[in-house]
Amino acid sequence: VQLQASGGGLVQAGGSLRLSCAASGRTFSSYDMGWFRQAPGKEREFVAAISWSGGITYYRDSVKGRFTISRDNAKNTLYLQMNSLKPEDTAVYYCAAGSVYGSSAVRSSYEYNYWGQGTLVTVSS
């Protein structure tokens, strides 16, 4: 599966953005999906994940209540709705696909086999 992330941009603190990740191929609905981010000079970190059916979601603590991950399997698209953005959310955001099980595994980038190219989110204070 090939992934292409989009929707990043410059936004003021408190604003919102919605990221999209378009997947090619007919197997999107069989993959668990995740969003990761990498800020300058920092390691890539887990943001959110969703099961293949969309029935189970996971979030890192710092985005709970502000970010919502969702997917539309009919459109082969993954989303990340980001509200109440903070300057510390500034990073390149990546979408990823894999067969990942469990709340610990979904947080590890090593569990994902396919990655999008990333989209830059900049939150100004």
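Look a little higher up for the structure.
Remember, predicted model here, so these are calculated numbers, not experimental data.

## Observations concerning the overall build of the protein chain
Item 1. Of regular secondary structure, the protein chain possesses zero helices and 11 strands.
Item 2. What you see in the protein chain, going N to C, is helices and strands ordered as β-β-β-β-β-β-β-β-β-β-β.
Item 3. The C-alpha radius of gyration of the protein chain comes to 13 Å, within 12% of the 14 Å expected for a compact globule of 125 residues.
Item 4. For the protein chain, the spread of C-alpha atoms along the three principal axes comes to 40 × 30 × 25 Å.
Item 5. Of all 125 residues assigned to the protein chain, the portion counted as buried reaches 44%.
Item 6. Residue pairs at least 24 apart in sequence account for 57% of intrachain contacts in the protein chain once pairs closer than 6 positions are excluded.

## Observations concerning the packing of aromatic side chains
The description of two aromatic rings rests on the distance between their centres and on the angle between their planes.
Item 1. Per the stated rule, a full pass over the model turns up five aromatic pairs.
Item 2. Measuring from ring centre to ring centre gives 5.6 Å for Y31 and Y114, while their planes differ by 75 degrees; the resulting arrangement is edge-to-face. On the criterion of sequence distance, the pair formed by Y31 in the loop between β3 (17-23) and β4 (32-38) and Y114 in strand β10 (residues 114-115) is long-range, its members being 83 residues apart.
Item 3. Judged by its relative accessible area of 14%, Y31 falls in the buried class.
Item 4. By relative accessible area, which is 31% here, Y114 ends up partly exposed.
Item 5. One aromatic cluster is present, formed by F36, F46, Y112 and W115 through successive ring pairs.
Item 6. Across from the ring centre of Y94, 3.9 Å away, lies the NZ or CZ of R44, which sits over that ring.

## Focus: the nonpolar core
Item 1. Counting residues in each nonpolar core, the largest one holds 29 residues, and the members touching the most others are M33, W35, L78, L80, M82 and Y93.
Item 2. Secondary structure elements with two or more residues in this core: β1 (3-6), β3, β4, β5 (45-50), β7 (67-72), β8 (77-82), β9 (91-98) and β11 (119-124).
Item 3. With residues near it in sequence (within four places) discarded, M33 still touches L3, C21, F28, A48, A49, I50, I69, R71, L78, A96, A97 and Y112.
Item 4. Core analysis: the second largest hydrophobic core is formed by nine residues, F36, A96, V100 and A105 among them.

Rules of the game
Residues numbered from 1 in each chain as written. Predicted model: local features only at pLDDT ≥ 70, side-chain atom pairs only at ≥ 80, totals over all residues. Heavy atoms only, no water. Helix = DSSP H or I, 4+ residues; strand = E, 2+ residues; numbered from the N terminus. Rg over C-alpha atoms; globule rule 2.2 N^0.38 Å. Buried < 20%, exposed > 50% of the residue type's maximum accessible area, 1.4 Å probe, protein only. Contact = heavy atoms within 4.5 Å. Phe/Tyr/Trp six-rings, centres within 6.5 Å; stacked < 30°, edge-to-face > 60°. Lys NZ or Arg CZ within 6 Å of the ring centre and 35° of its normal. Core = buried A, V, L, I, M, F, W, Y, C linked by side-chain atoms within 4.5 Å.

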